[in-house]
Amino acid sequence: MTTDTKSGGGRTTGRGIALAALRGLALALVTLPGAVLCFVLSVVSIALIPIGVGIVTTSYVLEGVRVFANWRRVLAAEWGGVRIAPSYRPIPEGANPWGRTFGMLGDPATWRDLRWLPVDMTAGFVTALLPFALLVYPVEGLAIAAGLWRVLPDGYWYGFVRVTDQVSALGAGGLALALLFLAHFFTPRLLHGHFLLTRAVLGSDRGELTERVRVLTETRRDAVDTSAAELRRIERDLHDGAQARLVAMGMDLGTIEALLEKDPAKARALLAQARQSSAEALTELRELVRGIHPPVLAERGLGDAVRALALRLPVATEVDVELTGRAEAPVESAAYFAVSEVLTNAVKHSGADRIWIDVHHAEGYLRVTVTDNGRGGAVIGAGSGLTGVERRLGTFDGVLAVSSPPGGPTMVTMELPCALS
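Residues numbered from 1 in each chain as written. Predicted model: local features only at pLDDT ≥ 70, side-chain atom pairs only at ≥ 80, totals over all residues. Heavy atoms only, no water.

Heads up, the rule is: UniProt positions are given in the numbering used here, feature names are shortened, and annotations may be inferred rather than shown by experiment.
An unreviewed UniProt entry lists the chain under the name histidine kinase, with Streptomyces haneummycinicus as the source organism. Database annotation for the chain, UniProt heading Catalytic activity (unreviewed entry): "ATP + protein L-histidine = ADP + protein N-phospho-L-histidine."

Description of the overall build of the chain
Definition in use: Helix numbering and strand numbering both begin at the N terminus, where a helix is a DSSP run of H or I of at least 4 residues and a strand a DSSP run of E of at least 2. Relative accessibility decides the category of a residue: with a 1.4 Å probe and only protein chains considered, values under 20% of the type maximum give buried, values over 50% give exposed, and everything between is partly exposed.
Helices and strands together make up the secondary structure of the chain, namely 11 helices and 7 strands. Per-residue burial for the chain yields a buried fraction of 37% across its 421 residues.

A word on the UniProt feature "transmembrane region" (unreviewed entry) in the chain
Per the UniProt record, the feature "transmembrane region" (unreviewed entry) sits at residues 12-33, 39-62, 122-149 and 169-187. Secondary structure content for residues 39-62 is 79% helix and 0% strand, while the C-alpha to C-alpha distance between its ends is 10 Å.

With respect to helix 3 (residues 97-105)
To keep it simple, the criterion reads: Directions drawn from the helix axis to the C-beta atoms are what define this arc.
Taken residue by residue, helix 3 has Thr101, Met104 and Leu105 as its buried positions. Taken down its axis, helix 3 places every buried residue within 105° of arc, on the same side.

Regarding the side chain of Arg72
Convention followed: Residues are treated as being in contact if the distance between any of their heavy atoms lies within 4.5 Å.
Residue position: Arg72 is located in helix 2 (residues 53-80). Judged by its relative accessible area of 1%, Arg72 is buried. Once residues lying within four places of it in the same chain are set aside, the contact partners of Arg72 are Leu27, Thr31, Trp116, Asp120, His194 and Thr198.

With respect to the packing of helix 2 against helix 4 (residues 108-145)
Heads up, the condition is: Axes here mean lines fitted to C-alpha atoms, for a helix over just the part in contact, with angles spanning 0 to 180 degrees between N-to-C directions. Each angle receives one of four descriptions, namely roughly parallel if under 35 degrees, roughly antiparallel if over 145, roughly perpendicular if within 65 to 115, and oblique otherwise. Here is the rule for handedness: rotate from the far helix to the near one, and if that takes an anticlockwise turn smaller than a right angle the crossing is left-handed, while a clockwise turn gives right-handed. Each residue is assigned to one class: nonpolar for Ala, Val, Leu, Ile, Met, Phe, Trp, Tyr, Cys and Pro, charged for Asp, Glu, Lys and Arg, and polar for all the others, Gly among them.
For the pair helix 2 and helix 4, the least separation of the axes is 10 Å and the interaxial angle reads 65°. With respect to each other, helix 2 and helix 4 are oriented roughly perpendicular. For the element pair helix 2 and helix 4, the recorded crossing hand is left-handed. Side by side, helix 2 and helix 4 meet where Leu62, Val65, Arg66, Phe68, Ala69, Arg72 and Arg73 of the first sit next to Thr110, Asp113, Leu114, Trp116, Leu117 and Asp120 of the second. Class assignment of the residues belonging to the contact of helix 2 with helix 4 gives a composition of 7 nonpolar, 1 polar and 5 charged.

Regarding the packing of helix 9 (residues 302-311) against helix 10 (residues 329-350)
Orientation of helix 9 relative to helix 10, taken along the N-to-C sense of each, is 20°, at an axis distance of 10 Å. Put simply, helix 9 runs roughly parallel to helix 10. Seen along the crossing, helix 9 lies across helix 10 with a hand that is right-handed. Counting all contacts with helix 9, which are made through Leu302, Ala305, Val306 and Leu309, the residues of helix 10 involved are Glu332, Ala335, Tyr336, Val339, Ser340 and Leu343. Each residue belonging to the contact of helix 9 with helix 10 can be placed in one class, and the counts come to 8 nonpolar, 1 polar and 1 charged.

Re the packing of aromatic side chains
This is how it is decided: A pair of Phe, Tyr and Trp rings is counted when the ring centres sit within 6.5 Å of each other, with Trp represented by its six-membered ring. The angle between the planes then sorts it: under 30 degrees is stacked, over 60 is edge-to-face, the rest tilted. Criterion for a charge above a ring: Lys NZ or Arg CZ within 6 Å of the ring centre, and within 35 degrees of the ring normal.
Tallying each qualifying case throughout the model produces 4 aromatic pairs. Taking 5.6 Å as the distance between ring centres and 40° as the angle between the ring planes, the aromatic pair formed by Phe68 and Trp116 counts as tilted. Of this pair, Phe68 sits in helix 2 while Trp116 sits in helix 4, placing them 48 residues apart in sequence. Of the two residues, Phe68 and Trp116, both sit in the buried class. Through a chain of ring-to-ring contacts, the aromatic side chains of Phe68, Trp71 and Trp116 assemble into a single cluster. Just above the ring of Tyr365 sits the side chain of Arg83; from NZ or CZ to the centre is 4.1 Å.

Some remarks on helix 2
Operational definition: A helix is expected to span 1.5 Å for every residue after the first.
Between its first and last C-alpha, helix 2 extends 39 Å over 28 residues, near the 40 Å set by a 1.5 Å rise per residue. Of the residues one or two after helix 2, Gly81 is the one with positive phi, at around 65°.

Structural notes on a nonpolar patch on the surface
Worth spelling out the cut-off: Think of a patch as exposed residues, more than 30% relative accessible area, with no salt bridge, where like charges cluster within 9 Å and nonpolar side chains (Val, Leu, Ile, Met, Phe, Trp, Tyr) cluster within 5 Å. Throughout, the Shrake-Rupley method with a 1.4 Å probe supplies accessible areas, and for residues the shown protein chains are the sole cover considered. What counts as a salt bridge is simple: a side-chain nitrogen of Lys or Arg found within 4 Å of a carboxyl oxygen of Asp or Glu.
Residues Leu32, Val36, Val40, Val44, Leu48, Ile51 and Val53 make up a contiguous nonpolar surface patch of roughly 530 Å² in combined accessible area. Among the elements that make up the nonpolar patch, the one with the highest residue count is helix 1 (residues 14-47) (4 residues). Structurally, the position occupied by Val44 is in helix 1.

So, unusual backbone geometry
At Glu363, a residue that is not glycine, the phi angle is positive and equals roughly 55°. Checked against the element boundaries, Glu363 lands in the loop between strand 4 (354-362) and strand 5 (365-372).

Quick word on the sheet that holds strand 6 (residues 399-403)
Our working definition: Two strands are said to pair when DSSP picks up at least two bridges between them.
The 5 strands are arranged 3-4-5-7-6 in an open sheet whose pairing can be described as mixed. Pairing within the sheet leaves two strands with one partner each, and these edge strands are strand 3 (316-322) and strand 6. Each neighbouring strand pair of the sheet contributes to a mean axis angle of 10°, computed without reference to strand direction. Pairing of strand 4 with strand 5 involves 8 bridges; the strand directions are antiparallel. Note on strand 5: the bridge partner recorded for Asp358 is Thr369. Packing against the sheet, helix 9 makes contact with strand 3, strand 4 and strand 5, and its axis sits at approximately 175° to strand 3. Sitting on the sheet, helix 11 (residues 385-394) touches strand 6 and strand 7 (410-417), and the angle it makes with strand 6 is about 150°.

Structure (structure tokens):
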């Protein structure tokens, strides 16, 4: 039979049930040790602050807790369709250990993470394991009905059925079939419930409107700063490039006018030089316009614009585009320049010899993934170009996720909410 599972509801089939059960088991195996380790390290490190050791270690431990929590946010979105937005306050670049530690401890999101860890290691562990148990436990009942009861201790209990003979064993088998029937409907929903529990504890306890105002305030400030920096760049490029060439060309034309009668040969040489200067000025103006809004983006849309970017790269690049329409122009522009910056970083710093770009739209989101086979180690912050990409996307409520373990590969995922026309 065909199989499909939608997050938290909808039609479920064999493959979807098995996938939900295996994901629940994987979560349970990671949830308990991961949450216990993060919680113990956090408590010990914070307790050591009075003697000075914790001032150095706590920021690193809490950073690890955030990585663990953000990983669970990603799984909640991908496996359960439950979005849990992170709301951590930014830590100033170059902050000393004291500033980093107490900056993170003063962030309400840090304490939400710490409250979530005990819940995750208890109720989270149980709710993650339930989908797997609900699917596997009926197997035991069917085995008992098939004859396993003969080697079990007398009076063995399967659920609420006490197994003593073949008749009671068949009763256990009937209970197993009933549980298997329930598993068909509830296994994916139980996994979805695990992620809902995660969101209830790990999600922001601020009102939605308050959180929205905070995010809009930050993104507006970033947008203003980015726009001002872009205007300064355009002014600088005009002043140092095309404007300088046009001024020089004007001076050459004045000289040519004076030399037409006295030295025609020198005038012709200067004319050739002026023509070359005009061509170079025109090229620089075209490059400047392309940097503001590429013509291919305006005329043919994001897919072809990204393909054009890939053609100019010195690295072998594969592009896969699945778009049924076009997003609004500002969203397309933000996505285009974000992809351009990510590709530039990959070419300059990753050492990759192959890049893959995937562009598609689903469930109201434009998602662009850039993957390279380079050395890895890419991070957001610390002067990284990815910080600018994150700010550019944040203006449109977009998010940036980076997976870049040492040794690679690096996967950068950009997501923007939008509709296609």
